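This is what each chain is made of:
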Amino acid sequence: MSEQSRSEASAPLVSVIIGFKDWGLERLELSVRSIHDSLEGIQHEVVISDYGSEDTASIAESTQRVGARHVIVETDGEWSRSRALNAGVRASVGEIVLATDADMLFTPRALSRAVEQIQRHPHEIIILQCRDLPVGHSHEVVRREGFDWDRFASIGQIRPRWGMGGLVAVRREIWERLRGWDERMHTYGGEDVDFGKRAQAAGSRIDWLDEPGVGMYHIWHPSSGASATRSAAASAAIAANRRIHSTDATFARNRVRPRYLPSGMVPLVSVLVDARTSGAEPLKTTITSILGQSVHDLEVLVVGEAELPDDPRISHMSTDHVSVRGTFVTSARAGEVWAENRLEVLLDLWVPGTGLISDRTIQLLRDENGTALAPLSVVQTSTADPRTTLLRSALLPSSLSACPQGWGVAVRAVAASGAGWVVATSARHVTITDLMNDESVAAERVAEALAITSALVRCGLPAPELPATTVTALGSLANALLYGRELTMEVEAPSAIDLTPYHDLFADDQRWVRRTIRTPKGQILERDVRWSGDDPAYVVEAAQRLAGSGATVHWRYATEADHEPPRPLSVGSLVRTAESIYGTPEKPAVWLAFRKDGGFDDALNEALSKAQSVTVVLDRITEAEGEEASWMLARFRNGNTVEALSLAASLPTPTAIEVIELPAHPQGTEVPQ
């Protein structure tokens, strides 16, 4: 095939990228000619990414002469092979990308075999074994003697395999998920080795293609690495490259403001947003914060009708189940605000084996006029939350439900698969809560307000002087703490927590009432103590001490504290405590909690007869001496959610019923509550 016919070939399957900067046009021409010969019969293009050359006119003439394409790349003066290669890929179109250097020669079958191997195994990264021609065997010798492959094989010296060799062949989609070569690296060395390590971390296999007739030879010339190390600045840059390779465990690089990556790549993160039950303003606020992320390569999939900004990254979806393209995926709800660098920080935490990455959330309260109740924006949740979790999309099914419940199922499924879960210590996720001027506000909303105001007191901050409308908006529970009205404080202590050191709190204070929750065999699942009074300072002091033991402390406004019935049983807390006794942390579990006010024995017997995989049953859980609560807790072997749901659907008219899934949580990881 002539040089002209090669350059005119349309729709190339393969793009060969060479980074270049004033480094010997004779070597470059020899290399390109060998590339054309090695890809004979395969539609391809050769892109010379000219990164900072001075004599660009001569390079353009030379590349045209050998049927290559010359692309001039704007630089800041320092040589970076990573940036040059990324810019070359950006200018190319081939489905398969081959990156090499301007001093490499390829045998006639070498590159075509690499292409065949990638087509057969699309998730592999192909590396060729490089052989160095001996000292003195320069481009002049090669030009004079021609491509004598037998002689090259006899005199070439094999490079050690811990290096990457000089050729990387990869499908464009994988290159996009890795986000190219790391553009932080410059001057000399390390980018190919780093690329290969990241490819393996992302799930690809490195295939060293070393077989008869497949060869790659390096034309001898004075070492650029040796030249580079003569400069102190260059030596420092080489050391920095080595640190990046050895310490950065992430596989997707150039996440923030990359200069040389192409547009329209596989998005780094897909964000699911359910707009069907939200108002226009909260949704607009959330979308604005997502689009303002320092990680710009996103796709935002919005389910439901909504008026949204004109941004190509936003897609309107008509169905609840959506397919995501991003390497990672997360969910957002209307009313959330993300810090500008939230995704950047989460992605920095990825290490091999990680499937879930979470951060903390804080809550911002607003009154009925939309005014933020500063400084009531300081509370941070203590556990990982599906709403703040980023997932590796490769661990998910092909389509996801965008609704909050569906997202929660996806998070639990990935956690139960045994994937690593990393939780950031910082909070860059904000949930905005609008308080209503209504005493019938939902209990969880009032609890949020109370938790925030109590945090101020615990931190020694004065209670804010709030206008009357704000006081009403906060609800009666927050008023109790702020203005000294009567309170009820409740303490939950799982059996593993020893409250003996706090005996002095309970012994002489008649306002404390104790309660113990036991199994039928007398085993303690949970102990509960309760206090009622009108002394906020005592509440704060006692809560600080008890929380330090690991107990959970709640307090609320009590109009008639002495006559209130016992609070409802915390089924979720009991299930987690029971699982800690009967279960194995490394395995997921499913529990069924069932309550019925009448005919409990018949319902219990029916449940036992239908539940073939129940291994533990706790019934008639004792709340106080001489009293029984008609609750049954059943544990299903091997996390059998289907059987639990089937049983729940078949039981006759329960007063209350819950199916509770507990994901596996290997030792050393935080357990999502």
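Everything numeric here is computed off the predicted structure, so don't read it as measured data. (Residues numbered from 1 in each chain as written. Predicted model: local features only at pLDDT ≥ 70, side-chain atom pairs only at ≥ 80, totals over all residues. Heavy atoms only, no water.)

Novice: Go over the overall build of the chain, please, and point to the residues and values.
Specialist: When you go through the chain residue by residue, the secondary structure sums to 21 helices and 29 strands. For the chain, restricting intrachain contacts to residue pairs at least 6 apart in sequence, the fraction spanning at least 24 positions comes to 76%. (Helix = DSSP H or I, 4+ residues; strand = E, 2+ residues; numbered from the N terminus. Contact = heavy atoms within 4.5 Å.)

Novice: For the pairing of strand 4 (residues 96–100), give the residues involved together with the corresponding values.
Specialist: Summarising burial for strand 4: five of the five residues are buried, a large majority. Both faces of strand 4 are covered, namely the face carrying I96, L98 and T100 and the face carrying V97 and A99. As paired elements, strand 1 (residues 14–20) and strand 4 share five bridges and run parallel to each other. Note that in strand 4 the partner of I17 across the bridge is A99. (Buried < 20%, exposed > 50% of the residue type's maximum accessible area, 1.4 Å probe, protein only. Pairing = 2+ DSSP bridges.)

Novice: How would you sum up the packing of helix 9 (residues 191–201) against helix 11 (residues 232–247)? Please name residues and give values.
Specialist: The interhelical angle for the contact between helix 9 and helix 11, taken along N-to-C directions, is 10°, at an axis separation of 10 Å. On the basis of the axis angle, helix 9 is roughly parallel to helix 11. Residues V193, D194 and K197 of helix 9 touch helix 11, and the partners they reach there are I244, H245 and S246. Taken together, the residues of the contact of helix 9 with helix 11 sort by class into two nonpolar, two polar and two charged. (Axes fitted to C-alpha atoms, helices over the stretch in contact; angles between N-to-C directions. Parallel < 35°, antiparallel > 145°, perpendicular 65-115°, else oblique. Nonpolar A, V, L, I, M, F, W, Y, C, P; charged D, E, K, R; others polar.)

Novice: So, the sheet that holds strand 9 (residues 167–171): which residues are in play, and what are the values?
Specialist: Taken in spatial order, the seven strands of this open sheet run 3-2-1-4-9-6-10, and their pairing is mixed. Edge positions in the sheet fall to strand 3 (69–73) and strand 10 (205–209), since each of these pairs with one other strand and no more. On average, adjacent strands in this sheet sit at an angle of 25° to one another, irrespective of strand direction. Sitting on the sheet, helix 9 touches strand 6 (124–128), strand 9 and strand 10, and the angle it makes with strand 9 is about 35°.

Novice: Outline helix 14 (residues 404–416), listing residues and values.
Specialist: In this model, helix 14 (13 residues) spans 18 Å end to end at C-alpha, consistent with the 18 Å of a helix rising 1.5 Å per residue. Of the residues making up helix 14, those classed as buried are G406, W407, G408, A410, V411, V414 and A415. In the stretch just after helix 14, G418 is the one whose phi turns positive, near 95°. (Expected span 1.5 Å × (residues − 1).)

Novice: A description of the nonpolar core should follow, citing residues and the corresponding values.
Specialist: Grouped together as the largest cluster of nonpolar side chains are 53 residues, with contacts concentrated most on V269, V273 and I287. When neighbours within four sequence positions are excluded, V269 is seen to be in contact with D297, L298, E299, G326, F328, T330, L343, L347 and L390. Counting residues in hydrophobic clusters, the runner-up holds 32 residues, among them I42, A102, M104 and C130. (Core = buried A, V, L, I, M, F, W, Y, C linked by side-chain atoms within 4.5 Å.)

Novice: Break down the packing of helix 2 (residues 25–38) against helix 3 (residues 56–65) for me, citing the residues and quoting the values.
Specialist: With their axes 10 Å apart at the nearest point, helix 2 and helix 3 run at an angle of 25° to one another. Taken together, helix 2 and helix 3 sit at an angle that is classed as roughly parallel. At the point where helix 2 passes helix 3, the crossing takes the right-handed sense. Note on element contacts: helix 3 touches helix 2 through S58, I59, S62, T63 and R65, opposite L25, L28 and E29. Classifying every residue of the contact of helix 2 with helix 3 by side-chain character gives three nonpolar, three polar and two charged. (Left-handed = near helix turned anticlockwise from the far one by under 90°.)

Novice: Just give me the short version of the confidence of the model for the chain, but keep the residues and values in it.
Specialist: Any segment with low pLDDT has predicted coordinates that should not be analysed in fine detail. With 65% of its residues at a pLDDT of 70 or more, the chain has an overall mean of 76. Confidence over residues 622–628 falls short of pLDDT 50; this stretch has 13 contacts with residues more than four positions distant or in other chains. (pLDDT = per-residue confidence, 0-100.)

Novice: Before we move on, could you go through the pattern of salt bridges and cite the residues and values that matter?
Specialist: Applying the stated rule across the entire model yields 28 salt bridges. A salt bridge links E116 to R109, with the nearest nitrogen and oxygen atoms 3.4 Å apart. By relative accessible area, which is 41% here, R109 ends up partly exposed. With its nearest N and O atoms 2.9 Å apart, the salt bridge here joins D194 to R253. One end of the pair, D194, is in helix 9; the other, R253, is in the loop between helix 11 and strand 12 (269–274), with 59 residues separating them in the sequence. Each member of the pair, D194 as well as R253, carries the same accessibility label: buried. Taken together, the shared-partner salt bridges in this structure form one network comprising D182, R184, D194, R198, D248 and R253. (Salt bridge = Lys/Arg side-chain N within 4 Å of Asp/Glu carboxyl O.)

Novice: Residues and numbers for the side chain of H137, please.
Specialist: By secondary structure assignment, the location of H137 is in the loop between strand 7 (130–132) and helix 6 (139–145). Using a relative accessible area of 6% as the deciding quantity, one classes H137 as buried. If near-sequence neighbours (up to four positions away) are discounted, H137 is found in contact with V142, E145, R151, F152, I155, I219 and W220.

Novice: Go over the packing of aromatic side chains with me, naming the residues and quoting the values.
Specialist: Throughout the structure, instances matching the rule amount to eleven aromatic pairs. Judged by centre distance (5.8 Å) and plane angle (75°), the ring pair of Y51 and W79 falls under edge-to-face. Highlighted residues: Y51 in strand 2 (residues 44–51) and W79 in the loop between strand 3 and helix 4 (81–90), separated in sequence by 28 residues. Exposure remark for Y51: the relative accessible area of 1% places this residue in the buried category. Residue class for W79 comes out buried when judged on its relative accessible area of 13%. Here the aromatic rings of W181 and F195 are separated by 4.8 Å at their centres, their planes lie at 20°, and the arrangement is stacked. Separated by 14 residues along the polypeptide, W181 in the loop between helix 8 (172–178) and helix 9 and F195 in helix 9 bring together distant segments of the chain. Each of the two residues, W181 as well as F195, counts as buried. Site record: aromatic cluster; members linked through ring pairs are W23, Y51, W79 and Y260. Just above the ring of W338 sits the side chain of R342; from NZ or CZ to the centre is 4.6 Å. (Phe/Tyr/Trp six-rings, centres within 6.5 Å; stacked < 30°, edge-to-face > 60°. Lys NZ or Arg CZ within 6 Å of the ring centre and 35° of its normal.)

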